[in-house]
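Working through the structure, step by step
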Amino acid sequence: LENAPELFSKRSYIFIEEGKKKASGSSWDKIFETSEVSLVQSGEGCISVEVAFRKIMPECTKLFAAVRSADLELEGRYQPEIHDDYFEQFSWENLTKEELNSCPFFVLIAEADTVLEKEGHMLKDILNDNLPINFLGMKSRIQTRQEDGKVDLHSHHELTGMLLSHKNLFVSQTASITPSYLMEALEQGMGSFSPAFFHVLDISEKSHEQPLLLSSAMVEARDFPGFNYTGLLGTPWGSRFDISNNPQSSLSWPEHTMKISFPDGEEVDMNFNFTFADQAALFEDYHKYFQIVQPAYWTENLVPVDVYMEQHPEENIGKVPFIWMVDNENTLHKVAVSWQIVMASEERRDQWRFLQENSGIHNFHVKKAVEELRENLQVQFQRDIE
């Protein structure tokens, strides 16, 4: 017990990928004055934080074992034939949630893609061992042009999708544009008796000239939807997902109403859905996938891209999907989108519907159960009439 003050002098042990520290320009030591902050090379974060955990946590565990043993002795309830063996095998898994949260936290701050590409096996081992280590994976780069110069629609490594296959895990995906939600997730995840991974979108100016606009667009376009997954053992599956931190989370795409003015002075309200295709227009490298359609060719064969995706393929024969855009003079245009854009949009919509269904929105099994109940009621109603 005499070692407790020294052992708990550090509130946390934080390991920061060297590139993230340089990019932020922050003085981490001042921000985390009660913590021990260490820099790690790219690709060495997981091993560094795990080594620290396995070195320090046994000492913390001994302390709580000593406290429990002392309490039992003071109460006259210590039974050597039972408790000697129990405390000899005592490990951090035997701690209560309150005891664990009294111990120092172990945190790795790194680029999310780096962790996945260079340390995926180490991350998997930590999660499989259920070590309560916290990972703050930052997504600050959006790559639209590959190393060979080829331009292709970016697709995320479905990092969070991979993580959801693990049990007893807290996962949060959010953007830094909603700091209050991010802080709530950090508090909830770091306080859970499990590993925690926070996937945070924080676009840098190197990726786009308007990083806040792009971040908002990625959230709205379901390209980087926010959600919390509390995968703690013993909890009902349906209660583990929370997607409330998304605009109009019950819909496939957010809907917006805008007032449109015509040359003759008439004004009307028009509804627009914001899709992945609208977000893709923010990247200059993707402009080859779009084509302005002159008003003379505006026919019924031009279909909004969100409608196009919902229709049966046979209905889309001869149809061209488009989105609305405005130019520098605020003139409204119909802009046709290529098949690559449609496919990317459908992929993003499918991932979003996966999150919706797991959150209880438009759930297939619920709909099926309701239909069966309606049919049974109809049969019973008909019998009652007869």
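Per-chain numbering applies: the sequence of each chain, read as written, is numbered from 1 onward. The predicted origin of the model limits local features to residues at a pLDDT of at least 70 and limits the giving and counting of side-chain atom pairs to 80 or more, whereas totals for whole chains, interfaces and linings rest on all residues. Computation of side-chain values covers all heavy atoms of the structure but excludes hydrogens and water.

Digging into helix α13 (residues 339–358)
Here α13 is 20 residues long and its end C-alpha atoms lie 29 Å apart, about the 28 Å a rise of 1.5 Å per residue gives. Buried means the residue's accessible area, taken with a 1.4 Å probe over protein chains only, is under 20% of the maximum for its type, while exposed means over 50%, and partly exposed covers the values in between. By definition, any uninterrupted DSSP run of H or I lasting at least four residues is a helix, any uninterrupted run of E lasting at least two residues is a strand, and each is numbered from the N terminus. Taken as a whole, α13 has its buried residues at I341, V342, A344, S345, R348, R349, Q351, W352, L355, Q356 and N358. Looking one or two places after α13, you find G360, whose phi comes out positive at around 90 degrees. In this scheme, a helix's expected span is set at 1.5 Å multiplied by one less than its residue total.

Notes on the packing of aromatic side chains
Centre distance and the angle of the planes are the two values used to describe a pair of aromatic rings. The aromatic pairing rule takes the rings of Phe, Tyr and Trp, using the six-membered ring of Trp, and pairs them if the centres are within 6.5 Å, calling planes under 30 degrees apart stacked, those over 60 edge-to-face and the rest tilted. Counted by the stated rule, this structure contains 17 aromatic pairs. Seen in terms of ring centroids, Y13 and F106 are 5.6 Å apart; in terms of plane orientation they differ by 10 degrees. Their pairing is stacked. Of this pair, Y13 sits in strand β1 (residues 12–17) while F106 sits in strand β3 (residues 105–111), placing them 93 residues apart in sequence. Since its relative accessible area comes to 11%, Y13 is described here as buried. Since its relative accessible area comes to 1%, F106 is described here as buried. Here the aromatic rings of Y86 and F90 are separated by 5.7 Å at their centres, their planes lie at 70 degrees, and the arrangement is edge-to-face. Relative accessible area serves as the criterion here: at 10%, F90 is assigned to the buried category. Counting every residue linked through ring pairs, the aromatic cluster contains Y13, F53, W92, F106 and F193.

A few points about the nonpolar core
Side-chain atoms within 4.5 Å link the members of a nonpolar core, which is a set of buried Ala, Val, Leu, Ile, Met, Phe, Trp, Tyr and Cys residues. Counting 45 residues, the largest nonpolar core has M57, F106 and F135 as its most contacted members. At the level of secondary structure, the elements contributing two or more residues to this core comprise β1, α4 (45–74), β3, α7 (112–128), α8 (159–163), β5 (169–175), β7 (227–231) and α13. A per-element tally of this core places α4 first, with 10 residues. Contacts between residues were defined by any pair of non-hydrogen atoms, one from each residue, lying within 4.5 Å. Setting aside chain neighbours within four positions, we find M57 in contact with W92, L95, L100, C103 and F106.

A few points about unusual backbone geometry
Residues other than glycine seldom take positive phi values, yet N130 does so here, at roughly 60 degrees. Tracing the backbone through its elements, the reader meets N130 in the loop between α7 and β4 (134–139). Its identity as a non-glycine residue notwithstanding, Q248 has a phi of 50 degrees, on the positive side. Among the secondary structure elements, Q248 is positioned in the loop between β8 (241–242) and β9 (255–261). The exposure class of Q248 is partly exposed, given its relative accessible area of 33%.

What to know about the sheet that holds β7
Should DSSP find at least two bridges between two strands, the strands are regarded as paired. The strand order β2-β1-β3-β4-β6-β5-β7-β8 describes an open sheet built from eight strands, whose pairing is mixed. Strands with a single pairing partner mark the edges of an open sheet, and in this sheet they are β2 (35–40) and β8. Bridge count between β5 and strand β6 (residues 196–201): six bridges; the pairing is parallel. Looking at the pairing, Q173 lines up with H199 of β6. For every element, the axis is a line fit to its C-alpha atoms; helices are fit only across the contacting stretch, and the angle between N-to-C directions ranges from 0 to 180 degrees. Each of β1, β2, β3 and β4 is contacted by α4, which is oriented at about 175 degrees to β3, the strand it contacts most. Along the sheet, α7 makes contact with β1, β3, β4, β5 and β6, crossing β3 at roughly 150 degrees.

Just distances and angles here, no functional claims.
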